Amino acid sequence: MDAKGKVLKYGDNVDTDVIIPARYLNSFDAKELATHAMVDIDPTFVERLEPGDIMVAGKNFGCGSSREHAPLVLKTAGVSCLIAESFARIFYRNAINIGFPILECEEAAKDIAEGDAVEVDFQTGVIYNRTKGAEYQAQPFPEFLQKMIAAGGLVGYVNSKK
């Protein structure tokens, strides 16, 4: 499995201003920024999150500004994968650029509950809900995106090609 953890679940239209509020963007330290992840929507997020946990959300996750810090703080905080019904396009691109795996799967996003134990296979796109004994099929990442994620993002991928 490429990602395995318990689920922290959120609804529709979680915007980048909620993922990392602008008032904290006076730091360039990703670890410092990660301590404020999701604080306005869930003040206990960072306390409850364990490295490897998985976020699940509804429609249009990452909408709002094109803040590239949003996927970075989630990845740095320890989220191993984000599953949603859909993503804002700029959030999707920013996530892939930093090697943060995100999957669109409407069925999984609706069925998986807070606290469920979930595993994700990025190669096949299969999402396993171990709590409910259910499987969902997301679109797997193409091979080059799997390599980009494994390299830690676009910069690492390009550097590995030199």
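(A) Highlighting the pairing of strand β6 (residues 126-129). Here β6 shows two buried faces, one formed by V126 and Y128 and the other by I127 and N129. Where strand β5 (residues 117-121) and β6 come together, 4 bridges link them in antiparallel fashion. Following the sheet pairing, V120 is matched in β6 by I127. Where β5 folds back on β6, the antiparallel hairpin that results is connected by 4 residues, among which G125 adopts a positive phi of roughly 80°. Where β6 meets strand β7 (residues 134-137), 4 bridges bridge the pair, whose relative direction is antiparallel. Residue pairing across strands places Y128 opposite E135, the latter belonging to β7. Once β6 ends, the chain turns through 4 residues before running back antiparallel as β7, passing G133 with a positive phi of about 65°.

(B) Structural view of the sheet that holds strand β1 (residues 3-9). Taken in spatial order, the 7 strands line up as β4-β3-β2-β1-β5-β6-β7 in an open sheet, and their pairing is mixed. At either margin of the open sheet sits one strand with a lone partner, and together these are β4 (102-104) and β7. In this sheet, adjacent strand axes meet at a mean angle of 30° when their direction is disregarded. Note that β1 and strand β2 (residues 54-57) share 3 bridges and pair parallel. Paired with V7 across the strands is I54, a residue of β2.

Thresholds applied
Residues numbered from 1 in each chain as written. Predicted model: local features only at pLDDT ≥ 70, side-chain atom pairs only at ≥ 80, totals over all residues. Heavy atoms only, no water. Buried < 20%, exposed > 50% of the residue type's maximum accessible area, 1.4 Å probe, protein only. Helix = DSSP H or I, 4+ residues; strand = E, 2+ residues; numbered from the N terminus. Pairing = 2+ DSSP bridges. Axes fitted to C-alpha atoms, helices over the stretch in contact; angles between N-to-C directions.

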